[in-house]
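Here is how the chains run, residue by residue.
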Amino acid sequence: MSKEREERRSPNRRVSDRQPLADGSPITASARTHAAGTGRIGVRRSNPVPPHGAGPETRAPALHDAAPPYRVDAENSPTPLTCLDLFCGCGGFSLGMERAGFRVLAAIDFNEEAILTFKANFSTDILALRKDLTKFPPETLAANLGVNHVDVIVGGPPCQGFSTARQRDGANHGERRLIHDARRHLYREFLRYVEHFQPRIFVMENVLGIRSAAGGEYFTAVQKEARQLGYRVHGQIEDAWELGVPQKRRRQLFIGVRADLPGYFLPELKPAPRAEPRTCLGAAIGDLPILRAGGGEDEREYDFCRRVTHVERQGDTALNYLRHVLEIDRAAKLTNHVARPHSQRDLRDFARLKEGENSKEALRDRGVEFEFPYDKSHFKDRYTRQSRWHPCSTIVAHLSKDGLMFIHPTQNRSLTPREAARVQSFPDWFRFPKARTHAFRLIGNAVPPLIAEAVGLAVKEFLSEGAHSSRGNEAQFKSEIRNPKSEIQRSLLTSAATRKDAARELERLAGLDRRELRALPAEEFLRGWHALLFLFPGLHPDNALDHGHEYEEISSDQLPLPGYGELLAKRFARSGWPVALEFIADEAWRRFKSGRMSARKFYCVEAQRAGLAAFKAVRER
Ligand SMILES: C[S@@+](CC[C@H](N)C(=O)[O-])C[C@H]1O[C@@H](n2cnc3c(N)ncnc32)[C@H](O)[C@@H]1O
């Protein structure tokens, strides 16, 4: 393979740059040193498949050479967008952002294994720092990097304090202990960096538990405090399985767009091109060598015959996952495939479970008696055998304690770190510490790279659409004002060309009751809704249904329009929406959901842009 071609295929990973893991594991997963062809698969259903046990020389030729490029080259693109990764762990988020074309400038975490693992897998161009973010000010990072601005900040402040799993598992019952978990305030460190670096977009990942923790207090606080920093912030729930991760994993994203940039961030992420939504567990791990509990080596050869049989059985989905997500061609050796030992009693209990069954179901449906000594009324579903034909249960950091809920679908043992990493969509060349506890914790804590890549691609699309360049868009909007083309623009110009017009329009609608509002003809309602978006360009329609229960009063000097205090001053602290206008947003959602209002009219960027321009004009006057 030519050097140029090789580099095109491996743009983000310069093996020579990487450092060995602290535990001495060498970095052997080098695309350059990997002898041509030995580990590749090239089997599609239409290709003849070698019989089981056939040697490597009988394998079909590699398909990846013919495949179109699917990776955006961050390093070679003319002006890569820059990014910081805070609370970076081993780098799941960074990997996805790099793959989406970002240049990660720095990654910070206070955990030693996390930073060592990060350094072992990423280029030394990234400043990977072991620092406590509560004590490491953004000014110091800015001085180290020599920049005061980045395009994007991503990160996952620790989520254990909010985790619903933790609330259920008996380890942290009771409101008081949860509420006083100091880790819940770490989002403030993230926002401190946002305040300093003024990224155009930030993305903060957390568990869904943050929505309800302490009565929703933190969910509100993150959004309110980010808005106060000048960001149009909204929450989005992402479903890993829909994004190609073979796992049931739903996570909360907070996305903040600097409020001077027009545009609404899309409400749903698209899977990265390399991903295939709804991939099942079997497709991701079925080629790995069979192990018994306690068996395996930290580094060994792949079983290529098993891989071929696997792809033959599981088809293109497995082939795609292995080639494009796990990048098996770039891993010379199989690493971290070591099974934890289990007691004989546990192994007998594992053997009682059918594929896809947990101990509660086995007891209820088949009357299976288990030997485990736990209180059976509390821990009925303690043992779970995963299924090849479904997404795996959520991979959690708790896997480092025991693997009882992650029993292999067909073997009598729990999942290995490599299997867990594959379920999290980490490529096979990504090395984890030999120590299983560290490896499982880093893997379970990570943002799956496929989700991070989907986030990165959406951010990039948003930023490169030009919607963020206020200058260009103001000019464009002015010309549109002079020459209105669309129905939306005409409706804006006739009803909400000035902020007073907009407020009057809203006042009129606010005087109606819900029934009258429902009966309002489409055009009339649209004028009111667009007037609202025009007057509040810093709010996101996706937040218009989730307000929480806290209110804030806006002082008269901060009102978008003096004289309309009654209408505009009282806001929901979480969403930022004026309380008096809540029911208009409700009605807009109802019409949008029922298909009576198009997405373009609901997320009316023209109204928002006009609002931004109007604010700017007032400020400059
Ligand atoms: C949920 S994990 C983040 C995982 C990461 N986003 C990834 O994709 O791999 C949270 C991380 O925050 C780190 N952390 C917790 N408190 C910290 C602090 N005060 N300063 C720096 N890092 C911290 C933990 O060590 C842990 O790695």
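So, here is what we can say about the structure in this document.

Procedures and definitions
Residues numbered from 1 in each chain as written. Predicted model: local features only at pLDDT ≥ 70, side-chain atom pairs only at ≥ 80, totals over all residues. Buried ≥ 20, exposed ≤ 12 C-beta atoms within 10 Å, placed from the backbone. Helix = DSSP H or I, 4+ residues; strand = E, 2+ residues; numbered from the N terminus. Contact = placed C-beta atoms within 7 Å. Axes fitted to C-alpha atoms, helices over the stretch in contact; angles between N-to-C directions. Parallel < 35°, antiparallel > 145°, perpendicular 65-115°, else oblique. Left-handed = near helix turned anticlockwise from the far one by under 90°. Nonpolar A, V, L, I, M, F, W, Y, C, P; charged D, E, K, R; others polar. Near = placed C-beta within 6 Å. Core = buried A, V, L, I, M, F, W, Y, C linked by C-beta atoms within 7 Å. Pairing = 2+ DSSP bridges.

### As for helix 2 (residues 92-99)
Item 1. In terms of burial, helix 2 is largely enclosed, as 8 of its 8 residues are buried.
Item 2. Taken residue by residue, helix 2 has Gly92, Phe93, Ser94, Leu95, Gly96, Met97, Glu98 and Arg99 as its buried positions.
Item 3. Turning to helix 2, the residues buried within the fold contact strand 1 (82-86), strand 2 (103-109), strand 4 (152-155) and helix 16 (449-464).
Item 4. Two residues or fewer after helix 2 comes Gly101, characterised by a positive phi angle close to 110 degrees.

### Digging into the packing of helix 2 against helix 16
Item 1. Where helix 2 meets helix 16, the axes come as close as 7 Å, and the angle between the chain directions of the two elements is 45 degrees. Taken together, the axis directions place helix 2 and helix 16 in an arrangement best described as oblique. Considering how the two elements wind past one another, helix 2 and helix 16 form a crossing that is right-handed. Here Gly92, Phe93, Leu95, Gly96, Met97 and Arg99 of helix 2 come into contact with helix 16, specifically with Pro449, Leu450, Ile451, Ala452, Glu453, Val455 and Gly456.
Item 2. Its residues assigned to classes, the contact of helix 2 with helix 16 comprises 8 nonpolar, 3 polar and 2 charged.

### Quick word on the site of the ligand
Item 1. The immediate surroundings of the ligand are formed by 21 residues, with Phe87, Gly89, Gly92, Asn111 and Ala446 found nearest.
Item 2. In terms of residue class, the shell around the ligand is built from 12 nonpolar, 7 polar and 2 charged.

### Quick notes on the nonpolar core
Item 1. Cys83, Val152 and Ile153 are the most contacted members of the largest nonpolar core, which totals 115 residues.
Item 2. Ranked by the residues each element gives to this core, the list is headed by helix 16, at 8 residues.
Item 3. Not counting the four nearest positions on each side in its chain, Ile153 is found in contact with Leu84, Leu86, Tyr193, Val194, Phe197, Pro199 and Phe202.
Item 4. Of all hydrophobic cores here, the second largest spans 30 residues; its members include Phe534, Ala588, Ala607 and Ala610.

### Quick look at the pairing of strand 9 (residues 334-338)
Item 1. Within strand 9, 4 of the 5 residues are buried, leaving the element largely enclosed by the surrounding structure.
Item 2. Here strand 8 (residues 296-300) pairs with strand 9 via 4 bridges, running antiparallel. For Gly296, the partnering residue across the bridge sits in strand 9 and is Val338.

These figures capture arrangement, not role.
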